[in-house]
Amino acid sequence: QSNATVGASGSWCQGLDIPNELFLVLGLVSLVENLLVVAAILKNRNLHSPTYYFICCLAVSDMLVSISNLAEMLFMLLLEHGVLVMRPSIVRHMDSIIDMLICSSVVSSLSFLGVIAVDRYITIFYALRYHSIMTLQRAVVTMASIWLASTVSSAVLITYYCSNTILLCLIGFFLFMLVLMLVLYIHMFALARHHLHSISSQQKPPATHRGGSLKGAVTLTILLGVFFICWGPFFLHLILIVTCPTNPFCTCFFSYFNLFLILIICNSVIDPLIYAFRSQELRRTL
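The model shown is predicted, which means the values in this text are computed figures rather than measured ones.

Turning our eyes to something else, we now look at the packing of helix α4 (residues 88-125) against helix α6 (residues 136-159). Where α4 contacts α6, the axes come no closer than 8 Å and their chain directions differ by 140°. It follows from the interaxial angle that α4 and α6 lie oblique. Two packed elements cross with a definite hand, and for α4 against α6 that hand is right-handed. Of α6, the residues touching α4 (which contributes S96, D99, M100, C103, S104, V107, S108, S111, F112 and V115) are T142, M143, I146, W147, S150, T151, S153, S154, A155, L157 and I158. The residue makeup of the contact of α4 with α6, split by class, is 11 nonpolar, 9 polar and 1 charged.

Let's shift gears to the packing of helix α3 (residues 50-80) against α4. Two elements in contact, α3 and α4, have axes separated by 9 Å at closest approach and are oriented at 160°. The angle between α3 and α4 places the two elements in the roughly antiparallel class. In this structure, α3 crosses over α4, and the sense of that crossing is left-handed. Looking at the contact of α3 with α4 residue by residue, the classes come out as 19 nonpolar, 7 polar and 5 charged.

Time to look at the environment of V218. Tracing the backbone through its elements, the reader meets V218 in helix α8 (residues 208-243). For the pair V218 and M188, spaced 30 residues apart in sequence, the C-alpha to C-alpha distance is 9.5 Å. Every residue in contact with V218, bar those within four places of it in the chain, is listed here: F189 and R278.

This paragraph deals with the state of the cysteines. Counted by the stated rule, this structure contains 1 disulfide. Across the disulfide, C244 is cross-linked to C250 (sulfur-sulfur distance 1.8 Å). Measuring handedness by torsion sign, the sulfur bridge of C244 and C250 sits at about -75° and is left-handed. Take C244 and C250: they sit in the same class, and that class is buried. No disulfide involves C57; its nearest neighbouring cysteine sulfur is the one of C56, lying 5.8 Å away.

Looking now at the packing of aromatic side chains. Under the counting rule described, the total for this entry stands at 7 aromatic pairs. Ring geometry for F174 and F235: centres 3.9 Å apart, planes at 10°, overall stacked. Pair noted here: F174 is in helix α7 (residues 164-202) and F235 is in helix α8, with a separation of 61 residues, a long-range link. No difference in accessibility class separates F174 from F235, as the two residues are buried. Centre to centre, the rings of F234 and F235 are 5.6 Å apart; their planes meet at 85°, and the pair counts as edge-to-face. For F234, a relative accessible area of 13% puts it in the buried group. Taken together, the ring pairs in this structure connect F174, W231, F234, F235 and F257 into an aromatic cluster.

Conventions we followed
- Residues numbered from 1 in each chain as written.
- Predicted model: local features only at pLDDT ≥ 70, side-chain atom pairs only at ≥ 80, totals over all residues.
- Heavy atoms only, no water.
- Axes fitted to C-alpha atoms, helices over the stretch in contact; angles between N-to-C directions.
- Helix = DSSP H or I, 4+ residues; strand = E, 2+ residues; numbered from the N terminus.
- Parallel < 35°, antiparallel > 145°, perpendicular 65-115°, else oblique.
- Left-handed = near helix turned anticlockwise from the far one by under 90°.
- Contact = heavy atoms within 4.5 Å.
- Nonpolar A, V, L, I, M, F, W, Y, C, P; charged D, E, K, R; others polar.
- Disulfide = S-S within 2.5 Å.
- Buried < 20%, exposed > 50% of the residue type's maximum accessible area, 1.4 Å probe, protein only.
- Phe/Tyr/Trp six-rings, centres within 6.5 Å; stacked < 30°, edge-to-face > 60°.

Structure, rendered in C-alpha cells:
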C-alpha cells in the first residue's frame, strides 16, 4: 500500500506536458485581441476618457505578456531545432529581458486594475465632482507613474530574484491590491442593492449614469475574478517558494508551472472579450 501511494503521488508530480505550439497560438490570439482594443479606444473619440485610457493601458499590459511569451517560445523552438545558435551568456540575457517584461506586466496589470476600480468608485460615489477629481492631467500622471514603477520593480525583482524579501514584497503587493479592490466592489454592490430597493419601492426608472456605472462595476468584478483565477496559482507558487521550497507537496505543485503560465496567457486572451461584450461603445467600434 505504501509503494502504491508513492507511485500515485509520483505520477501526480510529473506535471503537464504542454506543447510550445499552444503557447504560440494563445500568444498570437491575445496579441491580436489587445491590439484591436487599443486601436478601438484610440480611434473612437467617445472613448477618450480617463477610464478607457486606463483600460487601454491594461490591454497594453496584456500585450506585454503576449509579446514576451511569443518571443520566448520562438527562441526556444529555434534553439531546439538548431536554426539559431547563441552563446549561453546571450541566452541568459535574453531570458532576463523576457522575465522583466513578464514581471512588468504583472505589476502594471495589478496596478491598472486597482486604478480602474478606484476610478469607477469615484464615478459612482462622487459623480458630480468626477471631472474635477479625475482630470486628464492626473490620469496621465497616474499612468506614467505606474509604468515607471512597474519597470523599476521588475528590474529589481529579476536582479534579486533569489531574495525572499523581494518575493514577499511582490506577494504583499498582490494581496494589498486584491483587498483594496474587494473592499471597493463590496461597497459599490452595497450601493447597487440599496439603489435597486429604492427603485422597487418608488417604482422609478434608474438614473442613466448610475446604471452605467454599476454595469461598469460588474464588468470590473468579472475582470478581477478572471485575474484572480488566472494569476492566483502563480502567486501561490511564489508563496510556496518562500514558505516550503523543499516540502514534497510544494515540489509537486512546482511541477505544474507550465499550467500556471497557460492560465496567465489565458487572462490576456479573456480580458479583451470582456471589454467587447460588456462595453456597447467599444463593441460598436470594434
